Amino acid sequence: MPRVNESCHTKKNQVEFTKKLEDSRAGPLREMIQSFVAAFLLKNPKITDHRMVLNFLGAMENPFRSHLLWRDGDEEEKSETIDCLETLILRDPRVYSSILDNMDAEWKEKDAHLERRLWCLQFVKAEHLDVKRIHAMHPAVLIARRNLRRFSTVRSPREKLECVFRAAQVIFRMLNETAKAGHAASADEFLPIFILCVLGAQPLRVYSAIEYISLFRNPRFVGGERQYFLVQLLTAVTFIDGLGAKSVTMDAAVFAAQLKIYEEKWDERMAAQIQQQEISENLERESARESAREREEREREGLLDPNDFGSV
């Protein structure tokens, strides 16, 4: 299981791993990794191809352990090397995009529904979730929200899991710091604050990302607090997906009215985006047609040799 303070070392270890891998003496290892990534991309990888990555990571353990650049490290450092290799492969934007873009329609629908819910529930504030003012106004909430936003931008399972862990960790630290003497932070206090942070962060493709982490993260490094907080994220978004007037401290009529306003705004926003996309596509098509017309005119005038450009 990863160390509790792993988040302090993850970036540094990844940089050191990459630097070693760029060493000319690591050429054979680098070629093996590049060959795997190329072959993996040819498959147009999907979420169901996680075994290929896990099997490759297992197959690379001995080559790394016996290599002169890594063989003198202790057991923890050698284990960390394979962890860094996982991040290197799955951080590749081509690999990540293919896996997430190839998610089944069911996952995409769940993600789209949650994205809409997160946006439309912006009117839900700390007091509606019974979050104490001392907690809602604490800087830890901003830090947690920032980490949950980053969850959408990083690509490897390890990095995503670290974002969740850091967000949750800072909330628990805040709860312990603000608790009365002799009282420790509890899950009952934690979850409403975590839900509030998720609402504020509005992370994207959360359901798909959780499934991606669960399947592609090396099982050796999943467990303990990180696994617990990933479950808490799933709990939070499931709650938000089904959040109604009875779920919060708010008058039912006020909740319904506010929700209707935001849903109408969302529909207008989506309609505007579709319209803008159609305008952009029309402009691109018109530009292509105009370029083709200009080329034809120049060819007729004998100013260009058509063979210079190939077929349109």
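For the structure itself, consult the block above.
The structure contained in this document is the topic of the report that follows.

Parameters at a glance
- Residues numbered from 1 in each chain as written.
- Predicted model: local features only at pLDDT ≥ 70, side-chain atom pairs only at ≥ 80, totals over all residues.
- Heavy atoms only, no water.
- Salt bridge = Lys/Arg side-chain N within 4 Å of Asp/Glu carboxyl O.
- Buried < 20%, exposed > 50% of the residue type's maximum accessible area, 1.4 Å probe, protein only.
- Helix = DSSP H or I, 4+ residues; strand = E, 2+ residues; numbered from the N terminus.
- Axes fitted to C-alpha atoms, helices over the stretch in contact; angles between N-to-C directions.
- Parallel < 35°, antiparallel > 145°, perpendicular 65-115°, else oblique.
- Left-handed = near helix turned anticlockwise from the far one by under 90°.
- Contact = heavy atoms within 4.5 Å.
- Nonpolar A, V, L, I, M, F, W, Y, C, P; charged D, E, K, R; others polar.

### Concerning the pattern of salt bridges
All told, the structure shown has 18 salt bridges when counted by the stated rule. A salt bridge links Asp49 to Lys43; its shortest N-O distance comes to 3.8 Å. Since its relative accessible area comes to 40%, Lys43 is described here as partly exposed. With its nearest N and O atoms 2.6 Å apart, the salt bridge here joins Arg158 to Glu80. Taken as a pair, Arg158 in helix H10 (residues 157-178) and Glu80 in helix H5 (residues 75-91) lie far apart in primary sequence, 78 residues in all. For the residue pair Arg158 and Glu80, the accessibility class agrees, reading buried in each case. One salt-bridge network, in which partners are shared between bridges, spans Glu80, Asp83, Glu86, Arg158 and Arg217.

### Quick notes on the packing of helix H2 (residues 27-42) against H5
For the pair H2 and H5, the least separation of the axes is 11 Å and the interaxial angle reads 40°. Judged by the angle between their axes, H2 and H5 are oblique. Remark: the crossing between H2 and H5 carries right-handed chirality. Contacts from Ile33, Phe36 and Val37 in H2 reach Leu85, Leu88 and Ile89 in H5. Here the residues of the contact of H2 with H5 sort into six nonpolar, no polar and no charged.

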